[in-house]
Amino acid sequence: MSAPIEQSPGEIAAHVEEPMRATLAAPRRGRGAAALLGWTRRNLFSSVPNTILTLVALALLVWFLPPLINWALVKATWTGGDPKLCREAGGACWALIETKHRFILFGLYPHDQHWRPLVAMAIFLSAIAASCDPRFWNWRLAGIWAVVLAVGGWLMWGGFLGLAYVENARWGGLPLTLILATLGIVLAFPLSILLALGRRSDLPAIRAVCVGYIEIVRGVPLVSVLFMASIMFPLFLPEGLTIDKLLRAQVGIILFTAAYLAEAVRGGLAAIPKGQYEAADAMGLGYWQKMGLVILPQALRLVIPPIVNQFISCFKDTSLVIIIGLYDLLTTAKTALTDPPWRPFYVESYVFAGLVYFGFCFFMSRYSQYLERRLNAGTRR
Amino acid sequence: MANDPVILLDKVNKWYGEFHVLKDIDLAVGKGEKVVICGPSGSGKSTVIRCINRLEEHQRGRIVVDGVELTSDIRSIDAIRRKVGMVFQSFNLFPHLTVIENLTLAPLWVKKTPLKQAQETAMRYLERVKIPEQAHKYPGQLSGGQQQRVAIARALCLKPDIMLFDEPTSALDPEMIKEVLDVMVELAGEGMTMVCVTHEMGFARTVADSMVFMAEGVIVEKAPPKEFFAAPKSERTRQFLSQIIGH
């Protein structure tokens, strides 16, 4: 609540972790070959089964690693922009990425305007990075995001202040994936909290609506949600009224993710002892105060791992928008291969897209571990 | 005292499904009176005080606190909770907040007290329960006795007229019981109205104006402590007292 209080969790974490780090690092501090030999014997050859496992693992590495390195690095073609060179070299054709990276990253966005999604992404990612730091968690963050979204929207759409208009049917690649995933996660999260609270509500009507929603949405694959959003939903709209396809997909992703997240959040709510609710009640806190100040801060901490799990899942699931014809990162990676001479090099294209996905998902995973440590530092018992 | 009750229970009944927990409970607590409720487990003694601030709902009868009748109207519940502080067996401090944040939470959000003032009040009560130096620690870093004293201070920060204690020392290690009871004795000395469920008979003798013995959902006996301990009227009470004092 006030400045001196906020610093204490970090300090405590530092104190608690210091001795732990020291013990972990101790064996590695040994010097020279003797230490290495000792480590090897302890960790790799401590028993007959362990020795067998070590040897099998080594054999597998010897079997797989050299050809992989050979293909990916030694025989690889990095530049040139000519598929013939790749075929002659016989290794990985990273020249495909060099030639096609702008299409893979930005899809059908007008070629000479690619700087716009690039700058928009830079701003967007900076804002996400800032939001990740608990020190920025206050109302100002909402203001920052409003500005970021406005500027990002202006860069992507344009149409005024000197930028040419680009309709969002032409958006694609990484910016599209980031928009779908980030908005999907950020908007699904509060919705999921409401759903989880509603599912535990004392009011039967609210409970029934939330249970019904969660069960129905969870019982349907995302593909069909997107399909309904893109094909069936417009059939029910009155003549002349159309809702943008990207918006429909975005809403579909939000609604779908929220149902899954809601169950993770509910798990956290269920884990909070009854006494916490009673103490808050006895002190006269209202329902929203009780939930917002006492229950949710504890419940959400408990379920950081499943929540982030869902975030990661949502990030990757955005690739399913391929079925309704949106050009997300995976679709552009695939579409880049429709150029006949490059067609044999699909592995390279997918590896590239896969690495981008992995980068983001790995970040989320590491971030969740950091957050768990940081938030739980003070409450360690 | 008794002609001006701040807490009045009039033929209060409560059922858990088929199970009749409270049977025609009549109890009047005057301003500044200290009532100690004892009885075997399952006798409904905790349920009685939990009904007073609506942690449990009674199904029949009347509960009036300081002139406000407790109904399902949220305004009556809020009005009563503002006057009544409660201390639990399991402390129920908020583990994600520091001690001082625990103390200032309700004053800030319920009473809209300015932060500075809320913190000053909190520090004053922490001094009264003799742990001001723990203000910036988390509850998990304190001993049970310290946690319970924080819980008492937290309830006092809302300036209640009445304090309810639900077995405040039952979850404590023996050597920590005294530090909590000392705080409660001090509080009693300041004229706070207190209703206390406890098995600490020494505390009851020192502090109580009246003793209530409950068994099977009924108030078996209510008497001043001298009478209660020296000459209990009912056989059931005598049996209970011999069991808990015998050791």
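Residues numbered from 1 in each chain as written. Chains lettered and ligands numbered in written order. Predicted model: local features only at pLDDT ≥ 70, side-chain atom pairs only at ≥ 80, totals over all residues. Heavy atoms only, no water.

> Which residues make up the overall build of chain B, and what values do they have?
For chain B, the count of helices and strands is 9 helices and 10 strands. For chain B, the C-alpha radius of gyration of 18 Å lies close to 18 Å, the compact-globule estimate for 247 residues. Counting only C-alpha atoms, chain B reaches 55 × 45 × 35 Å along its principal axes. Counting contacts in chain B only where the partners sit at least 6 residues apart, residues at least 24 apart contribute 65% of the total. Here chain B displays about 10500 Å² of accessible surface, and carbon together with sulfur accounts for 51% of that area. Of note, chain B has its 31 positive side-chain charges centred 3 Å away from the centre of its 31 negative side-chain charges. (Helix = DSSP H or I, 4+ residues; strand = E, 2+ residues; numbered from the N terminus. Rg over C-alpha atoms; globule rule 2.2 N^0.38 Å. Contact = heavy atoms within 4.5 Å. Areas by Shrake-Rupley, 256 points an atom, 1.4 Å probe, with all protein chains shown as cover. Lys, Arg positive; Asp, Glu negative; His and termini not counted. Charge placed at Lys NZ, Arg CZ, Asp CG, Glu CD.)

> I'd like a rundown of the sheet that holds strand 6 (residues 84–87) of chain B, residues and numbers included.
Sheets are built from strands that pair by backbone hydrogen bonding, the pairs being arranged parallel or antiparallel. All names here are of chain B. Strand order in the open sheet formed by 6 strands is 6-7-8-3-9-10, and the pairing between neighbours is mixed. Since the sheet does not close on itself, it has two edges, and those belong to strand 6 and strand 10 (218–223), each with one partner. Taking each pair of neighbouring strands and ignoring which way they run, the sheet shows an average axis angle of 15°. In this structure, strand 3 (residues 34–38) lies alongside strand 9 (residues 210–215), joined through 4 bridges in parallel fashion. By the bridge assignment, Cys38 is partnered in strand 9 with Phe213. The strands that helix 1 (residues 45–52) touches are strand 3, strand 6, strand 7 (162–166), strand 8 (193–197) and strand 9; relative to strand 7, the one it contacts most, it runs at about 150°. Strand contacts of helix 2 (residues 74–83): strand 6 and strand 7, with the helix running at about 65° to strand 6, the strand carrying the most contacts. (Pairing = 2+ DSSP bridges. Axes fitted to C-alpha atoms, helices over the stretch in contact; angles between N-to-C directions.)

> Explain a positive patch on the surface residue by residue, including any values.
Together, B:Arg82, B:Lys111, B:Arg124 and B:Lys159 make up a positively charged patch on the protein surface. Positionally, B:Lys111 belongs in the loop between helix 3 (99–109) and helix 4 (115–128). (Patch = residues over 30% accessible without salt bridge, like charges linked within 9 Å, V, L, I, M, F, W, Y side chains within 5 Å. Salt bridge = Lys/Arg side-chain N within 4 Å of Asp/Glu carboxyl O.)

> Before we move on, can you summarise the sheet that holds strand 4 (residues 60–65) of chain B with the specific residues and values?
Residue and element names in this part refer to chain B. Here we have 4 strands laid out as an open sheet, ordered 2-1-4-5, and antiparallel in their pairing. Two strands bound the open sheet, and with one partner strand each, they are strand 2 (19–30) and strand 5 (68–69). With 5 bridges connecting them, strand 1 (residues 5–16) and strand 4 associate as antiparallel partners. Within strand 4, the residue paired with Ile7 across the bridge is Val65. Here helix 1 sits on the sheet and contacts strand 1, strand 2 and strand 4; the angle it forms with strand 1, its principal contact strand, is near 120°.

> Let's hear about the environment of A:Cys86: which residues, and what values?
All names here are of chain A. Note on placement: Cys86 falls in helix 4 (residues 83–89). Judged by its relative accessible area of 1%, Cys86 is buried. Considering only alpha carbons, one finds Cys86 and Leu96, 10 residues apart in sequence, at a separation of 9.0 Å. What Cys86 contacts, discounting residues up to four positions off in sequence, is Thr77, Gly91, Cys93, Ala95, Trp342 and Phe345. (Buried < 20%, exposed > 50% of the residue type's maximum accessible area, 1.4 Å probe, protein only.)

> With reference to specific residues and values, describe the state of the cysteines.
All names here are of chain A. Under the criterion given, the structure shown has 1 disulfide over all chains. Shown here is the disulfide that connects Cys86 with Cys93, its sulfur atoms set 2.0 Å apart. What sets the handedness of the Cys86 and Cys93 disulfide is the S-S torsion sign, and at about 60° it is right-handed. Of the two residues, Cys86 and Cys93, both sit in the buried class. Not engaged in a disulfide, the cysteine Cys132 finds its nearest cysteine sulfur in Cys361; these two sulfurs lie 14 Å apart. (Disulfide = S-S within 2.5 Å.)

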